[in-house]
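# Coordinate analysis (summary)
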Amino acid sequence: MRVALFVPCYIDQLYPHVAVATLELLESLGCTVAFPLDQTCCGQPMANAGFEHVSAKAMSVFIDNFDLYDYIVAPSGSCVLHVHEHIKAPDSSRPFSDRVFEFCQFLMDVLEVKELPGSFNQKVGLHESCHGLRGLRLGVSSELRKTPYSKPAHLLSMKKGVELVPLTRWDECCGFGGTFAVSEEAVSVKMGKDRIQDHLDHEVEVLTSTDMSCLMHLDGLIKKERIPLKVMHIAEVLNG
Amino acid sequence: MVNHAKNAEAFNQDEARTNWHDETLWFVREKRDKASGQIPEWEALRELASGIKDHTLSKLDVYLEEFEKKATENGIKVHWAVDAQAHNEKVFEILSDHGVKRIVKSKSMLTEECHLNPYLEEKGIEVVDTDLGERIVQLAEDTPSHIVLPAIHLKKEEVGEVFHNRIGTDKGASDPYYLTEAARQHLRQQFLTADAAITGVNFAIAETGGIVICTNEGNADMGVHTQNVHIACMGIEKIIPRAEHLGVFLRLLARSATGQHLTVYTSHLHKPKEGSELHVILVDNGRTEQLGRPDFRNSLKCIRCGACMNTCPIYRRSGGHSYGSTIPGPIGAILSPGYDLEKYSSLPFASTLCGSCSDVCPVKIDIHTQLYKWRQVAGAEGHIAGSKKRAMRFMGMVFGSPHFYRKVGRLMRRAARFMPNKWIYNRRNVWGKSREIPPMPKESFRDWYMKNRLGNGK
């Protein structure tokens, strides 16, 4: 299967190893992966800050790079959600919401993965990113009264050696929220600290998530306080 | 201008208290989870409620006039008020006609919205709030911080202090049973000596011309039954078409609000009691304007359960007062900008857009989507700080050009690698106050890909 890899800007610049893990796992699952070289950003940082109108060029760069493809995969629920909701494909019969997939979503829904190579022998805590969970519905949020499931959790349980640790407030927001992390610094930091504590209370060794942006915020707090908790993107865990 | 971030920062100075506030409201959220979980058709019920409200809003004029007609036939005096001032004047007019000097008032967010209490007090009429939480904040000369739990920001020791000073309870007493009993005796005197009652309205039924009031303390009923003049104040969005629709909303309301199956009292009023007057004031106060905004109209579906506040991770960690508006929390953050965008422009940003509010909402208001849309309105109409605007414009340029993006990325990573720590963690680096900045790798993924997949080091 031919797949285009959409690497969110901050992963490209700050966490290249996450994109490498995504690429490697897709390849090992039999995909032919293309990385369109002129991609930049979906425009979400500006749009969520109230400036969707200055993100038009970024959106057209996205379209130029990806419109060709039928399957576009990104290791981020948040960026994928933004593309779904705000970037209009030139051909309305081929909307991006049908073609752009969050990594776990692609593994579960398109590749229908039943087993994963390798093993990962750690106690893992899953941080459900809000945009993946409540936006893309990668799982059922705790507010809804529906049969629970979670695609990222399902994939983790598929990985040999992973001990998935239950958390108390398993789908509470970490407080990143893009510019919120800076403009509402006090609450953002408090939310992050509270999420980390939940993982510590349950003796998590590796905190993982579908979204590196949540993890960037949490890892920033963890490193500042020198907390013994490792942070890894879910692609790294699944590829490990 | 309300600065939510600044207010939230002040709230977070006392971390133990922030934890207490967060846990108290999370406890209510958990009660809601339990109660809603006992109804297998919960999601279908939400869908139905949302549909009924959508339909009602699409024919609001029709149902309001039907209500007026039926209520009038029942002997209720129906009044219309275009805004808060008209509402307050109408209330005063009715009270003046009867020479009222003191009123007992059960909880009504609408009268809070209209600032009725200070208006009447200025005219020499004493207002006694009879909902326990509202009475506490009134005696404390404070304002409600939550629409269902007005005094949730106060600890029982603080309530004890207020009661000691205002209604003479024992100094240092904080036993909830003792304080509640004292409030009960105090309020009983108020009911017996007042001249009129004011209540809110939870639902007004077009088909029957009746109103429904939900309370846990029976204080609305105490007011209604002890007084000969009853004024019920309601926003025009409180209307529902038929009596058969009431059950849908009653099943959702208390479960969403506090995790109760029903409020302790659900009072149905269809006509004035013998020898008494029942007035209903239908208040617009910006609602038709909101109805005219396609992106925001369905905020009028709100049944004021407060579930979005209890679930909101920001509300729980910033307190209701940080919103500086009558209705705080997520729903307040989409309603308030409709009244005064300049004043409340920071509220749509008091959110991570996590979407918990939309998923918990019993009438399925797309709250977080509307927060996003208000942000765009605030951005387009110039209500966002110049520094942020310039930063966003610059980012727009960077991400608009693949070449420029790569150049800026490379420069940023290199600069951060070579810069001394004290330069990076300067006062203007808000991110770095409590967080390390991310690692700054030598190569981007694109660089890696060129080398490792395309065999090209460029």
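Residues numbered from 1 in each chain as written. Chains lettered and ligands numbered in written order. Predicted model: local features only at pLDDT ≥ 70, side-chain atom pairs only at ≥ 80, totals over all residues. Heavy atoms only, no water.

For chain B, the helix and strand inventory stands at 23 helices and ten strands. Counting only C-alpha atoms and orienting by the principal axes, one finds that chain B spans roughly 90 × 55 × 45 Å. When the 458 residues of chain B are sorted by exposure, 57% land in the buried category. Sequence separation of at least 24 residues holds for 73% of the intrachain contacts in chain B that already meet a minimum separation of 6. Of the accessible surface of chain B, which amounts to about 19800 Å², a share of 52% is contributed by carbon and sulfur atoms. (Helix = DSSP H or I, 4+ residues; strand = E, 2+ residues; numbered from the N terminus. Buried < 20%, exposed > 50% of the residue type's maximum accessible area, 1.4 Å probe, protein only. Contact = heavy atoms within 4.5 Å. Areas by Shrake-Rupley, 256 points an atom, 1.4 Å probe, with all protein chains shown as cover.)

Bringing the overall build of chain A into the picture now. Helix and strand counts for chain A come out as 13 helices and eight strands. Expected size for 240 residues packed as a compact globule is a radius of gyration near 18 Å; at 17 Å, chain A falls within 12% of this value. With the C-alpha coordinates of chain A rotated into their principal frame, the extents come out at 50 × 40 × 35 Å. In chain A, which comprises 240 residues, the share counted as buried stands at 65%. If you take every contact in chain A between residues at least 6 apart in sequence, the share linking residues at least 24 apart comes to 76%. (Rg over C-alpha atoms; globule rule 2.2 N^0.38 Å.)

Glancing now at the domain arrangement of chain B. Along its sequence, chain B is organised into domain 1 (1–16 + 301–384), domain 2 (39–285) and domain 3 (389–452). Each of domain 2 of chain B and domain 3 of chain B has a C-alpha centre, and these two points are 54 Å apart. (Domains from an automatic or database assignment.)

The next thing to look at is helix H10 (residues 176–193) of chain B. Residues and elements named next belong to chain B. With 18 residues, H10 should reach 26 Å at 1.5 Å per residue; the first-to-last C-alpha distance of 26 Å fits that figure. Regarding H10, the residues found buried are Leu 179, Ala 182, Ala 183, His 186, Leu 187, Gln 190 and Phe 191. Packed against the buried residues of H10 are strand E2 (102–105), strand E3 (126–129), helix H8 (132–139), helix H9 (156–167) and helix H11 (219–226). (Expected span 1.5 Å × (residues − 1).)

This paragraph deals with the environment of B:Ile211. Residue and element names in this part refer to chain B. Note that Ile 211 resides in strand E6 (residues 210–215). On the basis of relative accessible area, Ile 211 is assigned to the buried category, the value being 0%. For the pair formed by Ile 211 and Val 201, sequence separation is ten residues and the distance between their alpha carbons is 6.5 Å.

Residue and element names in this part refer to chain A. Here chain A is partitioned into domain 1 (2–110) and domain 2 (123–239). Measuring from the centre of the C-alpha atoms in domain 1 to the corresponding centre in domain 2 gives 21 Å. Listed per partner, the contact involves 28 residues of domain 1 and 21 residues of domain 2. When domain 1 packs against domain 2, close to 2000 Å² is buried across both sides, 71% of that on carbon and sulfur atoms. Its salt-bridge partner being Lys 151, residue Asp 109 comes within 2.7 Å of it at the nearest N-O pair. (Buried area = accessible area lost by both parts, 1.4 Å probe. Salt bridge = Lys/Arg side-chain N within 4 Å of Asp/Glu carboxyl O.)

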